[in-house]
Amino acid sequence: MRALRRFRLNVLWSTRRRPLSTTTNFSLSKNNLPSLAEAKYVTELLNHDPSQDPIIPSYRVLDELGNLLTTKQEYHLDPHAVVEMYKTMAEVEAIDHIFMQSQRHGRISFYMQNSGEEGLQVGSAAALSERDHIFSQYRELGVFLWRGFDMQQVAHQCFSNVHDLGKGRQMPMHFGSHKLNMYTISSPLATQLPQASGVAYVLKRRRENACVACYFGDGAASEGDFHAALNFAATLECPVIFFCRNNGWAISTPTDEQYRGDGILSRAAGYGMRGIRVDGNDMLAVFEATKAARNYAVTQSRPIIIEAMTYRRGHHSSSDDSNSYRETEELQWWRDNNDPVSRVRRYLESQQLWDSDQEADLRQSMKKKVKKCMSSAERAQKPPVEALFTDVYAEMPKRLEEQQQDLKRHLKKYASNYDTKDFHVSP
Amino acid sequence: AMETDPKAVVFGEDVKFGGVFRCTLGLVDKFGSDRVFNTPLSEQGLVGFGIGMCSVGHTAIAEIQFADYIHPAFDQIINEGSKYRYRSGSQFECGGLTIRTPYGVVGHGGFYHSQSPEATYCVPGVKVVIPRSPIQAKGLLLSCIRDPNPCIFFEPKILYRASVEEVPEGDYMIPLGKAEVVREGTDVTVIGWGSQLRILDSACEMAEKEGYSCELIDVRTLYPYDIDTLEASVKKTGRVIISHEAAVTGGWGAELSAKIQERCFLHLEAPIKRVCGYDIPPSPLVFERIHIPDALKNLDAIKETVNY
């Protein structure tokens, strides 16, 4: 029965013809398919297997040992600037280590590490302008730090205290800063991508010499919002850098269960979009690639993808134990043979810009700074109870005022049952 | 809005040529194609894009071709748009967003050109507004566009061709968050919105001929709604009918019933009666006429409630 139905449908399909319009003004001489820019016909039936195409190579500047592979770079990085970038990478490592521990000790509820991705975070951030707007997923701490979202601010948000710009409403690591043009992070994946296209469209309308950089992972790239965002950015010509952190894992899902094509970059062609694949653990290469991409996006008002190949060395989050789904040997290999931080340090050492004393000092001072920020954030009060009801709308609707009064009465009546002494009381 | 606000843009599927209901006719000639443009066919994309534009201060008037297709944008509306201000501590907001979309049965729409999903989208952080007529539509839409919160404006599609009114030419706004008493009466309070108002008005007309005095209220802004106007009326009449096309269970009438009984319990003389769609996917084509909560069903409900 089913076979018969399929046959009938095939017959219907082949008997359909596109009606040639006799009323519109178009020329038959070039093309008669409005859906193709240019139609060419062949008499050989082609059925191309994309897995036979060569894998798109990754751009790299340093090898795994930190040796400069080429001096031919379009955008040179002043080696002293690299020292500053290295320090920021070390800052990410210090925060990651101590904050993760503090989650295990119950001091914060949740944490997400950046281990293995420090290079792509700091490298890309350093290539952007402060006028550029940034959308993140949740594993971009180095981008935030480089831009000026300091460690103390990170701690405030993770401890949900009264100094948190988000007023204690979100899980740790879901921060944002209007001043730094960095949009507040949300948990749903890829939702930021079409928003990034929208912001870029406005920057173009305003003729601002700026672009949007939008970070996301290999898993998020499977979401419908990824497809929508890239298609919109391409058709509406929006200056946005879609920066994919392909780190091999989406929680426990490896990339061979996430997609079948050649990474995320191979999709760019489908949107008529340019793209760059870069060794994500080579901070200098990521810098170069981002600089080039930014230049293209801003001068051409067009989108571009950067796919940074890297590896997620930490668990997905503090709620995850990656030992249950991946080999320890794999993790160890990346840690010992392709660590973005070591590669830069070796490069700096080879340039006589860094030594073991400086290294020891840096690590010690970072550790001290993190602990100080953390204890300061932990001691601060929580936001006021009123923050439960404000900012839902631009103005507070009457029903929320009523509900707020209800809650205040309840908390007063059962004060001893609700531990609200830590909540700031507005004067 | 396009004239007074240079940061206002109109976009969606097929809006450039004028739109499938001709709502955007002539706009591109007047304002240019960077302000009036087509987007690729993706509701999640166009709402996300709109949210982005608003977060940098633009006024985005997004069209979803039929409310039946708003659901792919549910994530962007619920998880992003409605929470944009709250989750960022007011650092970011997308108040400039207004989503316009045709809703409701039209006689032959079946399941995918007839839906009334308004209740699903009444969530904290968003405003939901539904006009009953052209004059109301212009004033309410301008208010939505200028309101500093993201709004969803459901337009009764059955009225696009059916409804003719002398709409004032100037700029005027009708306030959000205020219900309107469209017909005064003393025996029963009849509540509805959008295209249902015509049906309810007809039912009230028939009821008046049989000696029942009906007070008819148009809710207009469903979220956050004006309970005070509803409360004042119910305290006067003691009886309530709520009518909407969407399925009765969990429809917006359920919320209004709960709140009304909370405020007016001792004043009620009869149970609150809802005259709504049945609990089936709305609206099966050949059965639409008998499915919808029409004037006769409402007339019977009025009589039953007043005589309780």
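Residues numbered from 1 in each chain as written. Chains lettered and ligands numbered in written order. Predicted model: local features only at pLDDT ≥ 70, side-chain atom pairs only at ≥ 80, totals over all residues. Heavy atoms only, no water.

As for the overall build of chain A
Now for step 1: Regarding its fold elements, chain A presents twelve helices and seven strands.
Now for step 2: Along the longest, intermediate and shortest principal axes, the C-alpha atoms of chain A span 80 × 65 × 50 Å.
Now for step 3: Out of the 427 residues belonging to chain A, those deemed buried represent 50%.
Now for step 4: Nonlocal contacts in chain A, meaning residues at least 24 apart in sequence, comprise 74% of its contacts between residues at least 6 apart. (Helix = DSSP H or I, 4+ residues; strand = E, 2+ residues; numbered from the N terminus. Buried < 20%, exposed > 50% of the residue type's maximum accessible area, 1.4 Å probe, protein only. Contact = heavy atoms within 4.5 Å.)

Quick look at the sheet that holds strand β1 (residues 133-135) of chain A
Sheets are built from strands that pair by backbone hydrogen bonding, the pairs being arranged parallel or antiparallel.
Residue and element names in this part refer to chain A.
Now for step 1: Across the sheet, five strands lie side by side as β1-β2-β3-β7-β6; this open sheet has parallel pairing. The two strands at the open ends of the sheet, each matched to only one other strand, are β1 and β6 (274-279). The sheet shows a mean angle of 20° between the axes of neighbouring strands, direction not considered.
Now for step 2: Pairing geometry for β1 and strand β2 (residues 212-217), over three bridges, is parallel. Following the sheet pairing, His133 is matched in β2 by Val212. (Pairing = 2+ DSSP bridges. Axes fitted to C-alpha atoms, helices over the stretch in contact; angles between N-to-C directions.)

Focus on the packing of helix α2 (residues 79-104) of chain A against helix α10 (residues 340-350) of chain A
All names here are of chain A.
Now for step 1: Between α2 and α10, the shortest axis-to-axis distance is 10 Å and the interhelical angle comes to 150°. The angle between the axes of α2 and α10 places the two elements in the roughly antiparallel class. When the axes of α2 and α10 are compared, the crossing they make is left-handed. In this structure, α2 contributes Pro79, Val82, Val83, Tyr86, Met89 and Glu93 to the contact, and α10 contributes Pro340, Val341, Val344, Arg345, Tyr347 and Leu348.
Now for step 2: Taken together, the residues of the contact of α2 with α10 break down into ten nonpolar, no polar and two charged. (Parallel < 35°, antiparallel > 145°, perpendicular 65-115°, else oblique. Left-handed = near helix turned anticlockwise from the far one by under 90°. Nonpolar A, V, L, I, M, F, W, Y, C, P; charged D, E, K, R; others polar.)

Side note on the pattern of salt bridges
Residues and elements named next belong to chain A.
Now for step 1: Counted by the stated rule, this structure contains 49 salt bridges over all chains.
Now for step 2: We note a salt bridge from Arg343 to Asp282, for which the minimum N-O separation is 4.0 Å. Taken together, the residues Arg343 in helix α10 and Asp282 in the loop between β6 and α8 (283-300) connect sequence positions 61 residues apart. The pair formed by Arg343 and Asp282 is uniform in burial state, with each residue classed as buried.
Now for step 3: Asp419 is paired through a salt bridge with Lys421; the nearest N and O atoms lie 3.3 Å apart. (Salt bridge = Lys/Arg side-chain N within 4 Å of Asp/Glu carboxyl O.)

What to know about the confidence of the model for chain B
Now for step 1: Of the residues in chain B, 100% reach a pLDDT of 70 or more, and the chain-wide mean stands at 95.
Now for step 2: Across the interface, the model reports ipTM at 0.95; the global pTM reads 0.93. (pLDDT = per-residue confidence, 0-100.)

Quick word on the sheet that holds strand β7 (residues 180-183) of chain B
Residue and element names in this part refer to chain B.
Now for step 1: Read across the sheet, five strands follow the order β7-β9-β8-β11-β12 without closing on themselves; strand pairing throughout is mixed. A single partner strand is all that each edge strand has here, and the edge strands are β7 and β12 (273-277). Taken pair by pair, the neighbouring strands of this sheet meet at an average axis angle of 25°, ignoring direction.
Now for step 2: Along the sheet, helix α7 (residues 196-209) contacts β7, β8 (188-192), β9 (214-218) and β11 (240-247); its crossing angle with β9, the most-contacted strand, is approximately 175°.

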